[in-house]
Amino acid sequence: MKEKADTWQMELTQLTWEFEKLLNDYDLTRLNQKPDPHHWSPMEIIHHLVLVNTSYFPTFDQLAKNTHQSPILGKIPFIGKKIGQMILDANKKPQKIKTFKTWEPSSGSTYNNDLLAAFFKQQDELSGYIQDLDHLLDKNQMIRSPANDWIFYSLDDAFEIIINHEKRHLNQLEKILK
């Protein structure tokens, strides 16, 4: 519904502003520096967010064009709601979570300002999708996870997961950079 979409867009705007404010305080050398060999650099975190968020865009495009095919088990919304809630709950916990291989940033890469530009561009695109798809919210529209066809959840949960995932990584960046 419109209120839900407006809330997510405000949250996304706030998050984008916080990312920009935080990242602008550091040069690329610092942003490409890993805190230790077992953790991502700030730019790897940004690359991860770009990979995750843009992986949803083909599904969002299909939904906008009314060509999306819901998963077969999506006809049982209870299952998708449970899966979505489990993913959302996991994103809210402070423990480290292993990501899917497709969402891992390029190891050992040094990133430039093009990645930051891509991140802020995809934030705008994500906001556009939230607005364009608001008519499908609260309708148990099931989508597959871009990482695994066997994982599915509602469109509403997808937006909630994306927003909370960004919050999680913003907190991670603040800890690394401060």
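## What to know about the pattern of salt bridges
Thinking step 1. By the definition in use, this model includes eight salt bridges.
Thinking step 2. The shortest N-O distance in the salt bridge between Lys-101 and Glu-104 comes to 3.6 Å.
Thinking step 3. Overall, the relative accessible area of 66% leaves Lys-101 in the exposed class.
Thinking step 4. The class of Glu-104 is partly exposed, set by a relative accessible area of 24%.
Thinking step 5. When salt bridges with common partners are traced through the structure, they connect Lys-4, Asp-138 and Asp-156 into a single cluster.

## Focus on the packing of helix 5 (residues 77-92) against helix 7 (residues 155-177)
Thinking step 1. The N-to-C vectors of helix 5 and helix 7 enclose an angle of 10°; their axes lie 9 Å apart at closest approach. Taken together, helix 5 and helix 7 sit at an angle that is classed as roughly parallel. Between helix 5 and helix 7, the contacting residues are Gly-80, Lys-81, Gly-84, Gln-85, Ile-87, Leu-88, Ala-90, Asn-91 and Lys-92 on the first element and Asp-157, Glu-160, Ile-161, Asn-164, His-165 and Arg-168 on the second.
Thinking step 2. Broken down by class, the residue content of the contact of helix 5 with helix 7 amounts to four nonpolar, six polar and five charged.

## Some words on the confidence of the model for the protein chain
Thinking step 1. For the protein chain, mean pLDDT is 91; residues scoring 70 or higher make up 99% of the total.
Thinking step 2. Mean pLDDT across the elements of the protein chain bottoms out in helix 5 (81) and peaks in helix 4 (residues 57-65) (97).

## Looking at the packing of helix 3 (residues 42-55) against helix 6 (residues 113-132)
For any two helices packed against each other, the geometry comes down to the angle between their axes and how far apart the axes lie.
Thinking step 1. Where helix 3 contacts helix 6, the axes come no closer than 10 Å and their chain directions differ by 35°. The handedness of the crossing between helix 3 and helix 6 is left-handed. Packed against helix 3, whose contacting residues are Met-43, Ile-46, His-47, Leu-49, Val-50, Asn-53 and Thr-54, the element helix 6 presents Leu-115, Leu-116, Ala-118, Phe-119, Gln-122, Gln-123 and Leu-126 at the interface.
Thinking step 2. Across the contact of helix 3 with helix 6, the residue classes break down as nine nonpolar, five polar and no charged.

## Things to note about helix 1 (residues 2-23)
Thinking step 1. Taking 1.5 Å of rise per residue, 22 residues should cover 32 Å, and helix 1 covers 31 Å from first to last C-alpha, within 8% of that figure.
Thinking step 2. In the core, the buried residues of helix 1 are packed alongside helix 2 (28-31), helix 3, helix 6 and helix 7.

Criteria and thresholds
Sequence order sets the numbering: in each chain, residues are counted from 1 along the sequence as written. Under the rules for a predicted model, residues below a pLDDT of 70 receive no local features and side-chain atom pairs below 80 are neither given nor counted, while totals for whole chains, interfaces and linings still include all residues. Note that water and hydrogens are dropped before the side-chain values are worked out from all heavy atoms of the structure. Each salt bridge in this description consists of a side-chain nitrogen of Lys or Arg and a carboxyl oxygen of Asp or Glu lying within 4 Å of one another. Classification of residues uses two cut-offs on accessible area relative to the type maximum, computed with a 1.4 Å probe and protein chains only: under 20% is buried, over 50% is exposed, and between them is partly exposed. To get an axis, a line is fitted to the C-alpha atoms, and for a helix only the part in contact is used. The angle between two axes follows their N-to-C directions and goes from 0 to 180 degrees. Numbering of helices and strands runs from the N terminus; a helix is a DSSP stretch of H or I covering at least four residues, while a strand is a stretch of E covering at least two. The labels follow the angle: roughly parallel below 35 degrees, roughly antiparallel above 145, roughly perpendicular from 65 to 115, and oblique for the rest. The contact definition used throughout considers only heavy atoms, calling two residues in contact when any of these lie within 4.5 Å. The residue classification treats Ala, Val, Leu, Ile, Met, Phe, Trp, Tyr, Cys and Pro as nonpolar and Asp, Glu, Lys and Arg as charged. All others, Gly included, are polar. Values of pLDDT, the confidence the predictor places in each residue, fall between 0 and 100. Two helices that cross are described as forming a left-handed crossing if the nearer one is turned anticlockwise from the farther one by less than a right angle, and a right-handed crossing if clockwise. Take the residue count of a helix, subtract one, and multiply by 1.5 Å to get its expected span.

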